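Residues per chain are reported as follows:
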Amino acid sequence: MSQDSDTRLVASPPVSTLAPAPEGAGEGAPAPSRRPTAVPSAIRGMLAGLGVAAALVALVFLTSSSIDQTVTGPGTWSQIAITVLGACACAAVVLVGGRGRAWGGPAVALFAAFTAFAGLSILWSVQPDWSWFGANQLLAYLSVFAGAVALGRLVPGRWPVLVGGVATAATAVCAYSLLAKVFPSTLASANQYGRLLAPYGYWNAIGLSAAMGLVPALWAATRRTGSPLLRGLAVPAMTLMITVVILSYSRSALLAAVVGVAVWLAFVPLRLRSSLMLGVAGLCALPIVLVAVHSHNLTGDYLPIAAQDAAGHAFGPIALGVLVGAAVAGIVASLAIERVALPEAARRRIGMALLGGMALVPVVAVVALGLSHRGLFGEISHAWRSLTSPDSVVHDNARRLTQLGSSRPLYWQQGLDVGIHALLKGTGELGYGVARLRYTTSQFKTDEAHSYVVQTFADLGLIGIALTLALLVAWARAAARSLAVGDRWRALTPAQATERQGLIALAVVVVVFGTQSCLDFTFYFPGLAIPALLCAGWLAGRGPLGAAVGRRAGGRVSVLERPGAGAAITGLAAVALIGAWLMWQPLRSVQAMADAENHPDRAFASARTAASHDPLSVEPLYLLSGLYQATHDARGARTQLVKATQVQPDNPRPWVLLGLLDFHSGRLRDAITAMKRVLVLEHPSDTDTLNALAVIQQSQAQLAQRRAARHRAARRRAARHRGDRARSRRRHARGA
């Protein structure tokens, strides 16, 4: 790979960083030609990028609760809209796309197979209603990926819109997260933690959002096209992202961010620019971080909201002032880059020094470990124990960024146990949370395995893992084709070199998301997964670098003259409509349950409607059972709970409720049977198992009392019988 071969950093015409820019090379390719860019085109590109950013930000706020598998109106309608839009993008390629090889087709097919298998797992799932939810989410993800593949083929020159949109969306989300610290009573009154949570409600999620936007912002700051003002404004954006990664105290997000920056510096010949801009952003983030971590009322846990408000109001002007300074420093650095000319030899030496410094980091780490009081192998052993022990104590402050311990080894071991006992097909999509109860005595409760790999193994078994690996290989091959991995930078035209830089930024977003997803469950957050899927799909559908299929030559041909295209569009419409209907049904069930609770006069009818809309859920059956109990209809109440145990026989919760009802109804043997089933399905010592043990003990005691009472009654009857017989004999003797 060539690097830093220019003898002068040449400025280019002012063009929006969000617009399809005039093609130009990086530091390792010839300078771009000076061509005037039409202002309307630049404005259209900027508006398109802002539109993408606005849509991604809206998605974050509409779907942030989906991690709890909670069916909400905004989340459901977002999924439906995403599915329909993705299908429309695919239909657009069929209608107006040019002829050529279907780049990314194998990846889309494998993604569809994975989604179909997840949907099929409802048949054997331990929690089929959650599996339905997970399959709906995967269908929306598939639609995003396929739609991005289609757009990458249809409008390949619009890649700056996607890169800029992802960077802008990440900036806006990070700004909101930091703003929630400035105005906690207004924006985050329920937050009891000092770590950044908003708007996802989860620190690792906001940390990952910042990490995903870091390299796209770095691309915007270091690209040759665009005005110095716009390039300089990328520096405060990176300052925000670095600050959020650190103040979220998310170690997985920090690792993912480091991996992303390392990939960018290793493969893109813009190392001098990147190091300068990233260094300025890091230096500007330092005072914000230091002020925050040294303010207990700002980053402490469980503090009065008044104390948080006072600290936030004092912190806000400081952060704003630093960000303004970062913008000024960024603009100055951008102008300096254009005016400073370095000899090629010096540029090459500096570039090699940067790569060498990156390569020396592990060497320095090994030497430092060897000089520590534990020694190299002692430190490695200590680190391994900290990393694998579920009992490690981890501080909930900035010090946790340097600690290795966590509860993940416990979750991962439980996931492996679940997967091993359902080796081929798993326990059903999102079944880990219930299935794990059989294989652990730990009271730590989690519904996610905190790792995509472990979660997939537990939920979908070896088949799910095999489909995932096949999808990864297919996507990697398609992305490598788009990135022209085998070609040197010098062999590319200026336009190809410029596009490759942007496509590498998209690839880094995917790498960052994938790295963090191996360590957490943030892949369930649509606001995080969908930007990554857009980038991944675009890379898969772009095709060979320099080749562009685009629109069909000669204009659009009527679908009536193309029966194959008509069939494809009909199939897409059918899939979109059926998928939207399936996504809608759980929402209708939740709405009917809410109606039952809010309108007692039609509670029974609404509860039955809820059960019919979502026949895989046990919640409507619980509601119906409670309604029957309120009317003193014990038989009707028990019928609903028996049905719940039939709908989800491997879920301990329906058995607990059935056992409690039978116990209070005097059906003691049935109560013991139900509660023994609970003890088979759940091992942790929690409320359910304690209730089960108590019911079993009390039922056995009452049965023993009943047996004793029956025995005493039988003895009394026998005594009376013997007395009657004796009296009868005496009467008979007197008569004789």
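Before any of the text, the structure's been laid out above.
Summary of the structure given here.

Calculation rules
Residues numbered from 1 in each chain as written. Predicted model: local features only at pLDDT ≥ 70, side-chain atom pairs only at ≥ 80, totals over all residues. Heavy atoms only, no water. Helix = DSSP H or I, 4+ residues; strand = E, 2+ residues; numbered from the N terminus. Buried < 20%, exposed > 50% of the residue type's maximum accessible area, 1.4 Å probe, protein only. Contact = heavy atoms within 4.5 Å. Areas by Shrake-Rupley, 256 points an atom, 1.4 Å probe, with all protein chains shown as cover. Patch = residues over 30% accessible without salt bridge, like charges linked within 9 Å, V, L, I, M, F, W, Y side chains within 5 Å. Salt bridge = Lys/Arg side-chain N within 4 Å of Asp/Glu carboxyl O. Axes fitted to C-alpha atoms, helices over the stretch in contact; angles between N-to-C directions. Parallel < 35°, antiparallel > 145°, perpendicular 65-115°, else oblique. Nonpolar A, V, L, I, M, F, W, Y, C, P; charged D, E, K, R; others polar. Left-handed = near helix turned anticlockwise from the far one by under 90°. Lys, Arg positive; Asp, Glu negative; His and termini not counted. Charge placed at Lys NZ, Arg CZ, Asp CG, Glu CD. Expected span 1.5 Å × (residues − 1). Polar contact = N/O pair within 3.5 Å; in protein donor to acceptor, adjacent residues only side chain to side chain. Core = buried A, V, L, I, M, F, W, Y, C linked by side-chain atoms within 4.5 Å.

### What to know about the overall build of the protein chain
At step 1: Scanning the protein chain for helices and strands turns up 26 helices and zero strands.
At step 2: Here the protein chain holds 736 residues, and the buried ones make up 52% of them.
At step 3: Sequence-distant contacts, at least 24 apart, represent 76% of the contacts inside the protein chain between residues at least 6 apart.
At step 4: Counting only carbon and sulfur atoms, one obtains 66% of the accessible surface of the protein chain, whose full area is about 32,200 Å².

### Concerning a nonpolar patch on the surface
At step 1: On the surface, a nonpolar cluster with roughly 520 Å² of combined accessible area is contributed by Trp77, Ile578, Trp581, Leu582 and Trp584.
At step 2: Mapped onto the elements of the fold, Ile578 is located in helix α20 (residues 563-598).

### Some points on unusual backbone geometry
At step 1: At the junction of Ala198 and Pro199, the peptide bond is cis and its omega measures out at 0° in the coordinates.
At step 2: With respect to the secondary-structure elements, Pro199 resides in the loop between α6 (184-187) and α7 (203-222).
At step 3: Phi is positive for Leu430, which is not a glycine, with a value near 60°.
At step 4: As for its placement among the helices and strands, Leu430 is situated in the loop between α15 (408-421) and α16 (432-435).
At step 5: Judged by its relative accessible area of 1%, Leu430 is buried.
At step 6: Even without being glycine, His450 reaches a positive phi, approximately 60°.
At step 7: Relative to the elements of secondary structure, His450 occurs in the loop between α16 and α17 (452-483).
At step 8: Since its relative accessible area comes to 9%, His450 is described here as buried.

### Description of the packing of helix α2 (residues 73-96) against α20
The relative placement of two packed helices comes down to the angle between their axes together with the axis-to-axis distance.
At step 1: Running from N to C, α2 and α20 point in directions that differ by 175°, and their axes come no closer than 10 Å. Classed by the angle they form, the pair α2 and α20 counts as roughly antiparallel. Here Gly73, Thr76, Trp77, Gln79, Ile80, Thr83, Ala87, Cys90, Ala91, Val94 and Leu95 of α2 come into contact with α20, specifically with Ala565, Ala568, Ile569, Leu572, Ala576, Ala580, Met583, Trp584 and Leu587.
At step 2: A class-by-class count of the residues in the contact of α2 with α20 yields 16 nonpolar, four polar and no charged.

### Looking at the pattern of salt bridges
One side chain can pair with another of opposite charge once the charged atoms of both are near each other.
At step 1: All told, the structure shown has eleven salt bridges when counted by the stated rule.
At step 2: Its salt-bridge partner being Arg408, residue Asp520 comes within 3.4 Å of it at the nearest N-O pair. Taken together, the positions of Asp520 in the loop between α18 (494-517) and α19 (526-542) and Arg408 in helix α15 put the pair 112 residues apart, joining distant regions of the chain.
At step 3: We classify Asp520 as buried; its relative accessible area is 0%.
At step 4: What emerges from the salt-bridge pattern is a single network uniting Arg638, Asp662, Arg667 and Asp670.

### Some details on the packing of helix α3 (residues 105-120) against α17
At step 1: With their axes 8 Å apart at the nearest point, α3 and α17 run at an angle of 165° to one another. The angle between the axes of α3 and α17 places the two elements in the roughly antiparallel class. In this structure, the crossing between α3 and α17 has a hand that is right-handed. Residues Pro106, Ala107, Leu110, Phe111, Ala113, Phe114, Phe117 and Ala118 of α3 form the contact with α17, whose participating residues are Tyr452, Thr456, Leu460, Ile463, Gly464, Leu467, Thr468, Ala470, Leu471, Ala474 and Trp475.
At step 2: Here the residues of the contact of α3 with α17 are counted per class, giving 16 nonpolar, three polar and no charged.

### What about a positive patch on the surface?
At step 1: Taken together, the side chains of Arg712, Arg715, Arg716, Arg717 and Arg720 make up a positively charged region of the molecular surface.
At step 2: Mapped onto the elements, Arg712 comes out in helix α26 (residues 687-735).
At step 3: The class of Arg712 is partly exposed, set by a relative accessible area of 41%.

### Focus: helix α9 (residues 251-267)
At step 1: Taking 1.5 Å of rise per residue, 17 residues should cover 24 Å, and α9 covers 24 Å from first to last C-alpha, within 8% of that figure.
At step 2: Residues of α9 that are buried: Arg251, Ser252, Ala253, Ala256, Ala257, Gly260, Val261, Trp264 and Leu265.

### Observations regarding α26
At step 1: Between its first and last C-alpha atoms α26 spans 70 Å; for 49 residues at 1.5 Å apiece the expected length is 72 Å, and the two agree.
At step 2: When we look at burial in α26, the residues that qualify are Asp688, Thr689, Ala692, Val695, Ile696, Ser699, Leu703, Ala713, Gly723 and Ala726.
At step 3: Its buried side turned inward, α26 meets α24 (652-664) and α25 (668-681).

### Describing the environment of Val166
At step 1: Mapped onto the elements of the fold, Val166 is located in helix α5 (residues 159-182).
At step 2: For Val166 and Leu534, which are 368 residues apart along the polypeptide, the C-alpha to C-alpha distance reads 9.5 Å.

### Description of the environment of Thr83
At step 1: Mapped onto the elements of the fold, Thr83 is located in helix α2.
At step 2: In the structure, Thr83 is positioned 64 residues away from Gly147 in sequence and 9.1 Å away in space, judged by C-alpha atoms.
At step 3: If we ignore the near neighbours within four places in the chain, the residues touching Thr83 are Ala140, Ser143, Ala576 and Met583.
At step 4: From its side chain, Thr83 meets the backbone oxygen of Gln79 in a polar contact 2.8 Å long.

### A look at the nonpolar core
At step 1: Membership of the largest hydrophobic core comes to 128 residues, with the highest contact counts inside it found for Phe145, Met238 and Trp264.
At step 2: Broken down by element, the residue count for this core peaks at 14 residues, all from α7.
At step 3: Within the second largest apolar cluster, 24 residues are counted, among which are Val618, Met675, Leu681 and Val695.

Treat this as a map of the structure, not an account of what it does.
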